[in-house]
Each structure stands twice: as structure tokens, then as C-alpha cells.
Amino acid sequence: MIQNNILNLLENDARLTSQDLADVLNEDENEIKKIVKQLEDEKIICGYHTVINYNKALRDQKVMAYIEVSCTPQRNKGYDKTAQLIANYPEVDTMYLLSGDCDFLCLVQGKTMFEVARFVSDKIACVESVLGTKTLFVLKQYKQSGIVMNEPVQDDQDRLVVTP
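Below, the structure is looked at part by part. (Residues numbered from 1 in each chain as written. Predicted model: local features only at pLDDT ≥ 70, side-chain atom pairs only at ≥ 80, totals over all residues. Heavy atoms only, no water.)

1. Structural notes on the pairing of strand E2 (residues 92-97)
Direction of pairing for E2 relative to strand E3 (residues 104-110): antiparallel, over a ladder of 5 bridges. Counterpart to tyrosine 96 in the pairing with E3 is leucine 105. A loop of 6 residues connects E2 with E3, the two strands running antiparallel in sequence, and glycine 100 in this loop sits at a positive phi of about 120 degrees. (Pairing = 2+ DSSP bridges. Helix = DSSP H or I, 4+ residues; strand = E, 2+ residues; numbered from the N terminus.)

Next comes the structure, spelled out in C-alpha cells:
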């Protein structure tokens, strides 16, 4: 029960200290440290991340694309072997096995569109069981991890009335 409470709190704010968690949960700080360490060791907590609005910062220094990958499952290994090969590339930020028209969805990052396209053609497409790929470049980010990235759209009430 306390583990779930810790996970919920950290999921919403990874900057919480062990003392903050102990205060909110009315628990001993050393016990919280022990539980968090155990969650990290068991790979239940896999990292602590910051959500960055790339529309405002570093716009021209990062290109993101979603790559749909279709492949043939391997005998006695299913999709896991192919997924492991692709996921180990540092350009692949996130990867999912899906149901539907494609098998995997990968979030890939690079400095330019050409760099991402080259990675897909030279690395992902060359994996033995990959049948095809489809690249979808991110043009603008509106929301990530529950956080809206853009300013609210201004209302059109400031426009002048046009009459015939």
C-alpha cells in the first residue's frame, strides 16, 4: 500500500525528496528511503524525468519522429528478439509493441530530419525480421505526460466586425 502511494506521488512530482514523501505519508524517512531503493533495484522505478517544452526551447536542435515498424515474429522468441535489437539503439527513446496495423511504435530522436531518416533506413530497416517502416515526424508538440505545452489560443473577440 505504501509503495503505491510513493509511486503515485513520484509519478506526479519526481522532485519530491524522501523527507517530503515521509511528511506527506506520515512515515519514517529511513523507511521511505528503503522502499524507494527497493523499487529502484526491482526496476519498478526506472528513472526520473523532466518534461521539456521543445516548442519554446532548443527548437532547431531536436527532431522527433514516431516510427511504425512491421516485422515477422521469430521462432521461439516472438517479437522480443527484434524489440531488443531495435530498443538498444540510443536514438530510440521509447518503444511499444502494439496491436493493429504495425507491430512496434518507436519514438526516435535526432538533430535533423535527415539524421532520423538515415537511422531508419540504415539501422531499423536492416534488422532481419523487419518487413517495413513508416516514419511520422513530430511537427509540433501540444501535450506530453499530461502537461499541455502551448499557451491558450486567444479568443477571436478582438477582431473587428466586418459588414457588407
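2. With respect to the side chain of serine 129
Mapped onto the fold, serine 129 is located in the loop between helix H5 (113-124) and strand E4 (130-137). For serine 129, a relative accessible area of 6% gives the class buried. In this structure the side chain of serine 129 is engaged in a polar contact, spanning 2.5 Å, whose partner is the side chain of threonine 82. Leaving out residues up to four positions away in the same chain, serine 129 has contacts with Ser70, Cys71, Thr72, Gln74 and Thr82. (Buried < 20%, exposed > 50% of the residue type's maximum accessible area, 1.4 Å probe, protein only. Polar contact = N/O pair within 3.5 Å; in protein donor to acceptor, adjacent residues only side chain to side chain. Contact = heavy atoms within 4.5 Å.)

3. Structural notes on H5
Here H5 spans 15 Å end to end across 12 residues, near enough to the 16 Å set by a 1.5 Å rise per residue. Within H5 the residues assigned to the buried category are Val116, Phe119, Val120 and Ile124. What you see down the axis of H5 is that its buried residues fit within an arc of 95 degrees, all on one side. Contacts from the buried residues of H5 go to strand E1 (63-71), helix H4 (80-87), E2, E3 and E4. (Expected span 1.5 Å × (residues − 1). Arc of directions from axis to C-beta.)

4. Let's talk about the sheet that holds E2
On the basis of which strands lie adjacent, the open sheet formed by 4 strands has the order E2-E3-E1-E4 and antiparallel pairing. The outermost strands of the open sheet, each flanked by one partner alone, are E2 and E4. Averaged over all pairs of adjacent strands, the angle between strand axes in this sheet comes to 20 degrees, irrespective of strand direction. Relative to E3, E1 is paired through 7 bridges, and the arrangement is antiparallel. Bridged to alanine 65 within E3 is valine 108. In the packing of H4 onto the sheet, contacts are made with E1, E2, E3 and E4, and the angle to E2 comes to roughly 165 degrees. (Axes fitted to C-alpha atoms, helices over the stretch in contact; angles between N-to-C directions.)

5. Side note on the nonpolar core
The biggest cluster of nonpolar side chains holds 17 residues, and the ones touching the most others in it are Ile67, Val69, Ile86, Cys106 and Val108. For this core, the elements supplying multiple residues, two or more each, are E1, H4, E3 and H5. Sorting elements by how many residues they give to this core places E1 first, with 5 residues. Ignoring anything within four residues of it in the chain, the contact list for cysteine 106 reads Ala65, Tyr66, Ile67, Val69, Ile86, Val92, Thr94 and Met95. Listed in part, the 10 residues of the second largest apolar core include Ile6, Leu21, Ile32 and Ile45. (Core = buried A, V, L, I, M, F, W, Y, C linked by side-chain atoms within 4.5 Å.)

6. Some remarks on the environment of phenylalanine 119
Inspection of the secondary structure puts phenylalanine 119 in helix H5. On the basis of relative accessible area, phenylalanine 119 is assigned to the buried category, the value being 6%. Taking the C-alpha atoms as reference, phenylalanine 119 lies 8.0 Å from glutamate 91; in sequence the two are 28 residues apart. The contact partners of phenylalanine 119, leaving out residues within four places of it in the chain, are Tyr89, Glu91, Val92, Val108 and Ile124.

Shape is all these values report; function is a separate question.
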